[in-house]
Amino acid sequence: MFPSVDARLAVIAVLPASLVFITSLKRFIRNRQNKLPPGPVPLPLLGNVLSIDTKEPWLTYTKWAAAYGDLFFVRLLGQEVVVINSQHVAKALLDKRSRIYSDRPYIATLEPFGWSVIFGFTGYGDEWRLCRRLFHQTFHTNSAVKFRPMQIKRAHEMIVNLIDDPEHYHSHFVTFSSSVAMSAIYGYQTSPRDDPLVRIVENALAIGNLVVIPERAILLKTFPFLLKLPDWCWGSSIKREAQASTNLMTEMTEVPFRYTQQHMAEDLALGQFSMVAENLQRMEKQDHTSRPLFESALKKAATSAIVGSYETGASVLMAFALAMVSYPDVQKRAQAEIDSVVGRDRLPTFEDRASLPYIESVLRETLRWQPVAPIALHATSGDDIYDGYFIPKGANVICNIWSDTFCLGFEMLTLYCRGITRDEKRYPNASVFMPERFMDADGALTDDDPAEYCFGLGRRRCPGRYAADASAWSAIVTMLATVEFSFAKNDQGKVIEFTPEFTTGLFHSVTVFPCSISPRSHVHSGLVGAALRM
Ligand code: HEM
């Protein structure tokens, strides 16, 4: 005899509740036996969610950070979260114990939206290792040097665009960073405007921003059946969005990859210069059975590189532009250094870098002042004890590079607390742009380099950091040598005041603000034109 429908419904309702109860009970017993890092006392099931000031959550978190210090523990609904607020603890855990701290949190939207192709979100395992190795071969510190002439050339092209059309400076920053990425990854030369491959990337990323928003991830984690609803049913729109996103991600993965394959067939010299071409040549030497796995990892590594570099590069340049407008004395001192070391008859090259310490400190301060990736989000793949505290397997680990705003384990919360770049003991007047903080009394650079934490830590540390650093340096030094940033003025010649606004979420970037960009007095088309012909 079959149970009645009511009985079956009762079982269906009771089963998940029992599972949640048993998991919470097990956790409760385990955590009673172990000393967790300090943190607010959680309620059963809900954790610390109710303790948060919902209107001004940062007040609660600021209080917690002040009370519990460099390492604290919160529970948000079912998720255990460890927050790291100092470089010292970040190094001790993410770097020195990277075997345990190199996993990523589960995000329910990744797979259905086609984003599992980005290995930056992949768990710590063999597939991630292979992607990372392919990436490393092209982008490690010595190998990335080969991109420098191309990066300088793209910086010169950007100057032409900035002088021609200063109003759309953000778009020129995006073009610069995407053209460097497309060259390094696929050997593809983008056109200055409306490039078809850049458009594919933009389309995929525009819809992809929905993927990592916490609300979506929580919705799908809680109600996975939404992806199975028939099209006519209320709530099925998420399924269509997931399909549209998957299609765009597939296009973004396949189209540039095919471009490189086709061009390699015609011109083998291409193989020396791009990540995909280099690795396709390596693949040729492999036996046929291992090729499909290799090719799939290569596509993932390439798409991840595009996604990793697209938003970050332009955001660094936006922060730099904001600093130059807001701190004209810094701009003057940087330009004076270039004029005295390089002169006014040519543009700077990488050979000048070591002789330009102030420019170096401007770059360091730009990375610190407005860090593009305000958090590094890891997860533990095993239990650990640190400083006498128990850190459980499966916890989300947030390295708070900056303080203002970030999502906690995609759990719909914004956390405001003290972070590495806003540590007043290390960086007095941390909100002020002050490159001098990285120089000693003799004008030499100090050992403090924000690149040590702004690119993350441990085995998940940004593998594109050497290329990113060179891109940012070439763009910044070329802009300082050729153009002047200042406040924009209205028709009556009055300065347009503004309050900078920033995007929130995984990336932190200042949005477009009124800004005037004009060529420096000695800059003429001949100087930039000659540089472009080099
Ligand atoms: C200024 C520019 C950039 C900044 C600030 C930045 C920052 C970061 C940060 C904070 C992470 C996470 C590290 C962690 O979890 O500990 C990361 C990961 C990553 N970045 Fe970057 N990045 C930049 C540019 C780039 C570029 C140009 C590329 C590609 C050429 C790239 C590719 C990646 C990839 C693939 C990952 C994932 C690594 C993994 O999970 O193993 N990034 N980046």
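Note that the structure is a prediction, hence the values are computed from the model and not measured.

**Concerning the overall build of the protein chain**
In step 1: In terms of helices and strands, the protein chain carries 16 helices and 8 strands.
In step 2: Counting across all 534 residues of the protein chain, residues that qualify as buried make up 52%.
In step 3: The contacts in the protein chain between residues at least 6 apart in sequence include a share of 70% that link residues at least 24 apart.
In step 4: Only carbon and sulfur atoms are counted for the fraction: they give 58% of the accessible area of the protein chain, which is about 25300 Å².

**Here we look at helix H9 (residues 237-266)**
In step 1: In this model H9 runs 44 Å from its N-terminal to its C-terminal C-alpha over 30 residues, within 8% of the 44 Å that 1.5 Å per residue would give.
In step 2: Residues Ile-238, Ala-242, Ser-245, Leu-248, Met-249, Met-252, Thr-253, Pro-256, Phe-257, Tyr-259, Thr-260 and Met-264 constitute the buried set of H9.

**Structural notes on the coordination of the iron atom of the ligand**
In step 1: If you check the protein contacts of the iron atom of the ligand, you find one donor only, Cys-462 (SG), at 2.3 Å.
In step 2: Mapped onto the secondary structure, Cys-462 falls in the loop between helix H14 (451-454) and helix H15 (465-482).

**Section: the UniProt feature "binding site: heme" (unreviewed entry) in the protein chain**
In step 1: In the numbering adopted here, UniProt assigns the feature "binding site: heme" (unreviewed entry) to Cys-462.
In step 2: Residues in contact with Cys-462, not counting those within four places in the same chain, are Arg-132 and Phe-455.

**Remarks on the site of the ligand**
In step 1: Around the ligand lies a shell of 23 residues, among which Arg-104, Trp-128, Arg-132, His-378 and Cys-462 are the nearest.
In step 2: Take Arg-132: an N or O atom from its side chain is 2.8 Å from an oxygen atom of the ligand.
In step 3: Where the shell around the ligand is concerned, the elements lending two or more residues are helix H4 (126-139), helix H11 (291-326) and strand E3 (375-379).
In step 4: Per-element tally for the shell around the ligand: the top contributor is H11, with 5 residues.
In step 5: Split by residue class, the shell around the ligand holds 13 nonpolar, 7 polar and 3 charged.

**Focus on the sheet that holds strand E1 (residues 71-76)**
Working definition: the strands of a sheet are paired by backbone hydrogen bonds and lie parallel or antiparallel to each other.
In step 1: The 4 strands are arranged E1-E2-E6-E3 in an open sheet whose pairing can be described as mixed. Of all strands in the sheet, those with a lone pairing partner are E1 and E3, marking the two edges. The sheet shows a mean angle of 25° between the axes of neighbouring strands, taken without regard to direction.
In step 2: Two elements, strand E2 (residues 79-84) and strand E6 (residues 396-400), share 4 bridges in a ladder whose sense is parallel. In the strand pairing of E6, Val-83 is matched with Ile-398.
In step 3: Contacting E1, E2, E3 and E6, helix H3 (residues 87-95) runs over the sheet at an angle of about 130° to E2.

**What about the pairing of E1?**
In step 1: Buried residues dominate E1, accounting for 6 of its 6 residues.
In step 2: As judged from the 6 bridges shared by E1 and E2, these two strands associate in the antiparallel manner. Directly across from Leu-71, in E2, lies its bridge partner Ile-84.
In step 3: Connecting E1 to the next strand, E2, in antiparallel fashion are 2 residues, including Leu-77 with a positive phi near 50°.

How each quantity is defined
Residues numbered from 1 in each chain as written. Predicted model: local features only at pLDDT ≥ 70, side-chain atom pairs only at ≥ 80, totals over all residues. Heavy atoms only, no water. Helix = DSSP H or I, 4+ residues; strand = E, 2+ residues; numbered from the N terminus. Buried < 20%, exposed > 50% of the residue type's maximum accessible area, 1.4 Å probe, protein only. Contact = heavy atoms within 4.5 Å. Areas by Shrake-Rupley, 256 points an atom, 1.4 Å probe, with all protein chains shown as cover. Expected span 1.5 Å × (residues − 1). Donors = N, O, S within 2.8 Å, 3.2 Å for Na, K, Ca; no water. UniProt positions renumbered as here; feature names shortened; annotations may be inferred. Near = heavy atom within 4 Å. Polar contact = N/O pair within 3.5 Å; in protein donor to acceptor, adjacent residues only side chain to side chain. Nonpolar A, V, L, I, M, F, W, Y, C, P; charged D, E, K, R; others polar. Pairing = 2+ DSSP bridges. Axes fitted to C-alpha atoms, helices over the stretch in contact; angles between N-to-C directions.

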